[in-house]
Amino acid sequence: MSVLPDQHDRYAGSRAEFSRRQRTLARGVASAIRVTQRPVPLTFADGQGAYLHDVDGNEYVDYALAYGPMVLGHSPAPVLEAVHKQLAEAISYGASHRLERELSEAISRTVPCAELSVFSNSGSEAVHAAVRIARAATGRPRVIKFLGHFHGWLDPLAVGNPGRWDAGPATAGQDPLASSSVSVLPWNDLDALRGALTDDVAAVIMEPVAVNGGCFTADPGYLEEVRELTQQSGVVLVFDEVITGFRLSLGGAQERLGVVPDLTVLGKALGAGFPISAVCGRADVMDVVASGTVAHIGTYNANPVSASAAVASVTELERRAHEIYPQLEQAGSQLADILRDAAAEGGLPLVVNQVGAAGHAFCALEPVTSYADTVHSDPDAYHLFAEALLGEGMNVIPRGLLYVSTMHGPAELERTRSAVARAAAAVGPLLRSRQ
Ligand code: PMP
């Protein structure tokens with residue numbers, strides 16, 4: 001139930017759809033995270049540029065961007081053109097076609113570690129492939145991941161996720177044996193890593209900017225030292241750039257931060273909303289696939305439709321990189337400033353962590369600079385704020401993640417400023433009365 005006043009039920013259509021969906025679609029949503037949207041998970045009807053419309057005809061400036069993929073905004077023309085052209089030719093072959101070469105060449109041109117690539121359909125799958133490659137390349141079983149980092153929904157690495165304070169599973173039904181060779185460590189803690197780098201470790205995997213947990217950056221020198229330690233001990237360093245790839249710069253976080261891993265996982269922005277993901281990396285590590293030691297398979301791998309979207313997306317990002325990345329940088333920092341300032345005007349204390357076109361906001365009175373600091377934040381209050389923002393025509397992820405696209409310009413940001421002030425003024429008193 002919503003605690004905010006009902007706004008003449010501006011969500012009547014979404015409510016009806018949600019309630020009808022629950023009769024045949026388990027939980028009424030196709031991904032469990034979507035059920036967190038209040039007052040009701042919206043049913044959308046179209047997306048163009050920075051805007052979404054729901055089935056009730058409400059318009060939103062969208063800062064969720066499909067959970068990250070839409071760096072070029074919704075329905076970007078070059079991607080649509082490429083997909084339409086491909087659809088006129090074929091949907092899928094289950095065999096080779098020219099676009100998979102074009103895409104692997106585009107990745108090798110843009111992502112610093114990429115000499116060889118393989119393709120999958122989702123980030124979770126590609127993470128799974130990366131870990132398999134690392135195990136085969138080293139002949140070792142153990143994988144180190146970090147508390148509050150997210151690497152998808154598959155059993156082995158869905159432990160110690162954001163929202164947890166231990167190495168426990170993300171959900172019921174996971175096989176405990178699947179993660180029995182996964183160690184979960186605190187991030188930004190070199191002593192913990194040094195202590196855990198035993199001779200059975202195949203891989204260290206991390207989000208190089210910990211966007212999912214709160215958009216945290218590594219301490220100065222940490223990533224460089226991790227690079228050094230993994231190199232010395234023959235451990236494969238994997239950057240999960242499913243969010244940061246093509247978003248924090250053309251070459252992802254590794255280009256932005258100047259630390260090059262052995263393997264990288266790409267997803268989201270790679271396909272501009274179409275399901276496609278990749279593992280790319282150094283040829284000597286990827287050689288386990290090239291030589292046939294690891295069989296990388298999948299009916300839909302690099303299917304022509306998704307591949308056409310990805311080639312168009314990467315080509316567009318590459319062609320306009322000099323203009324796009326400074327623009328994303330500016331939009332990201334302006335959004336963070338607007339949220340902080342306008343929310344404070346409305347009496348709501350917001351902390352906003354932001355790196356380029358990604359961010360994470362918290363209702364908190366003190367800085368939230370590490371995953372441990374998130375205990376000082378109030379997720380329920382932020383959910384309430386997200387609900388109030390929705391009423392003001394702003395779509396944000398209720399957990400706090402924020403994304404901007406190349407289509408978020410001055411008009412959208414100005415509109416956001418007044419919406420944030422009104423939403424904060426509506427929610428601030430409710431929060432004070434709860435205390
Ligand atoms: N890794 C990271 C860093 C992610 O943010 C996500 C998805 N949010 C995944 C992996 C999993 O990707 P997918 O949802 O496409 O399986």
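**Here we look at the packing of aromatic side chains**
Right, so step 1: This structure, assessed with the given rule, holds five aromatic pairs.
Right, so step 2: Where Phe216 meets Phe362, the ring centres are 6.5 Å apart and the plane angle is 15°; that geometry is what we call stacked. Of this pair, Phe216 sits in the loop between α6 (211-214) and α7 (222-232) while Phe362 sits in strand β12 (residues 358-363), placing them 146 residues apart in sequence.
Right, so step 3: Ring geometry for Tyr382 and Phe385: centres 5.8 Å apart, planes at 70°, overall edge-to-face. Placement of both Tyr382 and Phe385 in helix α12 (residues 379-391) is noted, with a separation of three residues, approximately one turn of the helix.
Right, so step 4: Residue Tyr382 is classed as buried on the basis of its relative accessible area of 2%.

**Looking at the nonpolar core**
Right, so step 1: If you look at the biggest cluster of nonpolar residues, it comprises 64 residues, and the most contacted ones within it are Ile107, Phe246, Leu270 and Phe385.
Right, so step 2: Among the elements of the structure, α3 (98-110), β10 (277-281), α10 (304-319), α11 (321-345), β11 (350-355), β12, α12 and α13 (410-434) are those that each provide at least two residues to this core.
Right, so step 3: With 11 residues, α11 is the largest single contributor of residues to this core.
Right, so step 4: Built from parts of two domains, this core gets at least three residues from each of domain 1 (9-74 + 321-434) and domain 2 (77-319).
Right, so step 5: The residues contacting Phe385, other than those within four sequence positions of it, are Leu339, Leu348, Leu350, Val420, Ala423, Ala424 and Val427.
Right, so step 6: Core analysis: the second largest hydrophobic core is formed by 27 residues, Ala196, Ala210, Tyr222 and Val351 among them.

Conventions used here
- Residues numbered from 1 in each chain as written.
- Predicted model: local features only at pLDDT ≥ 70, side-chain atom pairs only at ≥ 80, totals over all residues.
- Heavy atoms only, no water.
- Phe/Tyr/Trp six-rings, centres within 6.5 Å; stacked < 30°, edge-to-face > 60°.
- Helix = DSSP H or I, 4+ residues; strand = E, 2+ residues; numbered from the N terminus.
- Buried < 20%, exposed > 50% of the residue type's maximum accessible area, 1.4 Å probe, protein only.
- Core = buried A, V, L, I, M, F, W, Y, C linked by side-chain atoms within 4.5 Å.
- Domains from an automatic or database assignment.
- Contact = heavy atoms within 4.5 Å.

Just geometry here; none of it tells us what the structure is for.
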